[in-house]
Amino acid sequence: MLDIKFIRENKELIKAGAKKKHITFNVDKLLEWDDRRRASLATVERMRTEQNIATEKIGNSNNESDKARLIEEMQTLKVKLKEEEETLKKVMQRWKTLMLEVPNIPDMSVPDGESDEDNKEIKAWGEKTSFEFDPKDHVEIMNNLEMVDFERGTKIHGFRGYYLIGDGARLSWAIWNYANDFFGAKGFLPMIPPAIVRKENLYGTGHLPNEADDVYNTQDEDYLIGTAEIPITGYHSGEVLKKEELPKKYLGFSPCFRREAGSHGRDTRGLIRVNEFFKIEQVILCEANHEESVKWHEEINRNTEEFIESLGIPYHTVINCGGDLGQGQVKKYDIELWVPGENKYREISSASYFHDFQSRRFNIKYKEGDPNPEDGQREKPRYVHTLNSTAIPTPRILVSLVENFQQADGSVKVPEVLQKYFGKEVISKN
RNA sequence: GGAGGGGUGGCAGAGAGGUCGAAUGCACUGGUCUUGAAAACCAGAGUGCGGGAAACUGUACCGUGGGUUCGAAUCCCACCCCCUCCGCCA
């Protein structure tokens, strides 16, 4: 959600932004409805003023005939007022629907492009792993080491089902525990949020209305989260925070559910694309200025890079092009890990900032706890800025981990930093 | 799931159809007094939307959405949330 006043004054910016994001959105139509909204609102308010004045007279008057006359006048006015209120209500509905579709404006530094294929590499770290033997892909490696069971996974869950078993499960625990220590040391407050949430929260983050096909919902019309970003960003909804308590830095751990509707043919094998997984997520609420957003965006992305570097997995970072940005995102970086079996990088992390797009929908504000009285003006509450980034997802991380650290005998070396969490140096058959 | 009680400003808590954006207390801000502070006293202070360059002004907001009425915090209906008790349960 953007500020309607801003939209009114900057419609060319909105148009250019939508074009860059390859999103179809008609600003002129919104502004037409905004004109209608304001006209109708003015009419309604004029009638209410009249009504309020008459009401006061009726209450104060002792003259019965005056009263009777006024009441009769107001009965007539009331009919007209109701009609106009109906009009206003309809206009507001249309207006709100359109407001929810306004895309946020991408940053200048976002490259043009249509899809993830047009994202630009801005950094590459580590040597792409080379092998002196025929490397296997993660499905084969993990099957051989009895870390995963896809057959029974699909028997129980269906398409895209899996069980992590034995060292597959243990390795997941090791990663979670390591990540919890690693990111916890960077000043984040750990959080285990609800994974079933009211739909307002998906509107808040911007996952609704546009991504309705990709989310699961319940018979109570609640939704299963696809990311902890949803309940954590919504954590402070409707609140006015103190400026001094910003930034809020949260590290959420949650299951994530994605229907993957529309990607039935893609990544049908293995652990890359599954319907349920776990993810540790960084979420930040900060003061409302662009430099703050940029600073924290760089930082949370760098946090994940550092984490991957500590594991020793080759990766590159891309800046996402306009067409690969979500409706609310201003700018996004993806970190992609090298997957030898596919001979390409695969996304593991996504860091983006939204300015006040989400906080307007969630109504999260802040103000100075200690106002400066010199000019007599208390600082107005402002909407916070929000950002989020993956810390680490499992089991997707296992794909590149086992493929890059596989050895000739079929075993997998455990990255040094994980060894104390995992308890062994090597994953092997026995 | 069943029975009962309740949601009012930052907090506590009145109000039970018109004089209510809402008493009172606490907290907060400014001032008077004071060497300084406390106390006391005086004054001020919410948010959204519309109009206005601004001062300011109109309107809405007493959990949410409807309804009754000339007029609703107050009456009616539905929903949400919280509390107590019973049942079920990791």
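Residues numbered from 1 in each chain as written. Chains lettered and ligands numbered in written order. Predicted model: local features only at pLDDT ≥ 70, side-chain atom pairs only at ≥ 80, totals over all residues. Heavy atoms only, no water.

*Asks:* In this structure, what is going on with the packing of helix 7 (residues 167–184) against helix 12 (residues 396–404)? I would like to understand it.
*Replies:* Packed helices, taken two at a time, are described by the angle between their axes plus the distance between the axes. For the pair helix 7 and helix 12, interaxial distance at closest approach is 11 Å and the crossing angle is 105 degrees. In this view, helix 7 runs roughly perpendicular relative to helix 12, as classed from their interaxial angle. Seen from helix 7, the contacting residues are G168, L171, S172 and I175; seen from helix 12, they are I397, L398 and L401. When grouped by side-chain class, the residues that make up the contact of helix 7 with helix 12 number five nonpolar, two polar and no charged. (Axes fitted to C-alpha atoms, helices over the stretch in contact; angles between N-to-C directions. Helix = DSSP H or I, 4+ residues; strand = E, 2+ residues; numbered from the N terminus. Parallel < 35°, antiparallel > 145°, perpendicular 65-115°, else oblique. Contact = heavy atoms within 4.5 Å. Nonpolar A, V, L, I, M, F, W, Y, C, P; charged D, E, K, R; others polar.)

*Asks:* Before we go on, may I ask you to explain the pairing of strand 9 (residues 276–286) in this structure?
*Replies:* For a regular strand, the rule is simple: side chains alternate between the two faces of the sheet. Of all eleven residues in strand 9, nine are buried; the element is thus mostly enclosed. In this sheet, strand 9 lies alongside strand 8 (residues 248–257) in antiparallel orientation, the contact comprising ten bridges. The residue of strand 9 that forms the bridge with P255 is F278. Sheet topology places strand 9 next to strand 15 (residues 385–394); nine bridges connect them, and they run antiparallel. What sits directly across from F278, in strand 15, is T394. (Buried < 20%, exposed > 50% of the residue type's maximum accessible area, 1.4 Å probe, protein only. Pairing = 2+ DSSP bridges.)

*Asks:* What is the right way to read the environment of K331 from this model?
*Replies:* By the element assignment, K331 lies in strand 11 (residues 331–339). In terms of polar contacts, K331 uses its side chain to reach the side chain of S109, at 3.0 Å. Side chain to side chain, K331 and Y333 meet in a polar contact 3.3 Å long. (Polar contact = N/O pair within 3.5 Å; in protein donor to acceptor, adjacent residues only side chain to side chain.)

*Asks:* Looking at this model, I keep getting lost on the confidence of the model for chain A. Mind explaining?
*Replies:* For any part of a model where pLDDT is low, the fine detail of the predicted coordinates should not be relied upon. Looking at chain A, the pLDDT average stands at 92 and 97% of residues meet or exceed 70. As scored by the predictor, the complex reaches a pTM of 0.92 and an ipTM of 0.85. (pLDDT = per-residue confidence, 0-100.)

*Asks:* Even after reading the chapter, I still don't get the sheet that holds strand 11, so can you show me in this structure?
*Replies:* Adjacent strands of a sheet form backbone hydrogen bonds with each other and so pair up, either parallel or antiparallel. Spatially, eight strands are ordered 1-10-11-12-15-9-8-4 in an open sheet, and the strand pairing comes out mixed. Taken across any chain shown, the strands that pair with only one partner, and hence form the sheet edges, are strand 1 (120–125) and strand 4 (189–191). Taken over all neighbouring pairs, the strand axes of this sheet differ in orientation by 25 degrees on average, direction set aside. Across the face of the sheet, helix 12 comes into contact with strand 11, strand 12 (344–353) and strand 15 while running at roughly 40 degrees to strand 11.

*Asks:* Would you explain the sheet that holds strand 7 (residues 240–242) in this entry?
*Replies:* The strand order across the open sheet built from three strands is 7-13-14, with neighbouring strands paired in mixed fashion. Among the strands making up the open sheet, the edge pair consists of strand 7 and strand 14 (382–383). One ladder, built from two bridges, connects strand 13 (residues 365–367) with strand 14; its direction is antiparallel. Within strand 14, the residue paired with Y366 across the bridge is R382.

*Asks:* When you look at the protein's contact with RNA strand B in this model, what are you seeing that I'm missing?
*Replies:* Around RNA strand B sit 23 residues in total, of which R37, R38, Q75, K82 and R198 are the nearest. Each atom of RNA strand B within 4 Å of the protein was classed as base or backbone; sugar and phosphate made up 80%. At a separation of 3.0 Å, a phosphate oxygen of RNA strand B approaches a polar side-chain atom of R8. Take K365: an N or O atom from its side chain is 3.3 Å from a phosphate oxygen of RNA strand B. Mapped by element, the contributors of at least two residues to the surface near RNA strand B are helix 1 (4–9), helix 3 (27–60) and helix 4 (64–101). (Near = heavy atom within 4 Å.)

*Asks:* Looking at this structure, I do not really get the nonpolar core. What am I missing?
*Replies:* Nonpolar side chains tend toward joint burial in soluble globular proteins. Counting 53 residues, the largest nonpolar core has L171, F307, I397 and L418 as its most contacted members. Examining the composition of this core, we find that eight residues originate from one element, helix 7, more than from any other. Listed in part, the 18 residues of the second largest apolar core include L2, V27, L30 and I105. (Core = buried A, V, L, I, M, F, W, Y, C linked by side-chain atoms within 4.5 Å.)

*Asks:* I tried to follow the packing of aromatic side chains on my own but got confused; where do I start?
*Replies:* The geometry of an aromatic ring pair comes down to the distance between the two centres and the angle between the two planes. Taken as a whole, this structure holds 14 aromatic pairs when the rule is applied. Ring geometry for Y178 versus F307: centroids 4.9 Å apart, planes at 25 degrees, classification stacked. Remark: F307 occurs in helix 10 (residues 290–311) and Y178 occurs in helix 7; sequence separation between them is 129 residues. By the burial criterion, Y178 is buried, and F307 matches it. With a centroid separation of 5.4 Å and an interplanar angle of 35 degrees, the aromatic rings of F183 and F307 are classed as tilted. Taken as a pair, F183 in helix 7 and F307 in helix 10 lie far apart in primary sequence, 124 residues in all. Taking relative accessible area as the criterion, F183 reaches 0% and is therefore assigned buried. Through successive ring pairs, a cluster of aromatic residues spans Y178, F182, F183, F307 and Y421. Positioned above the aromatic ring of W95, the side-chain terminus of R37 is 4.4 Å from the ring centre. When the ring centre of F188 is taken as origin, the NZ or CZ atom of K249, which lies over that ring, is 4.8 Å away. (Phe/Tyr/Trp six-rings, centres within 6.5 Å; stacked < 30°, edge-to-face > 60°. Lys NZ or Arg CZ within 6 Å of the ring centre and 35° of its normal.)

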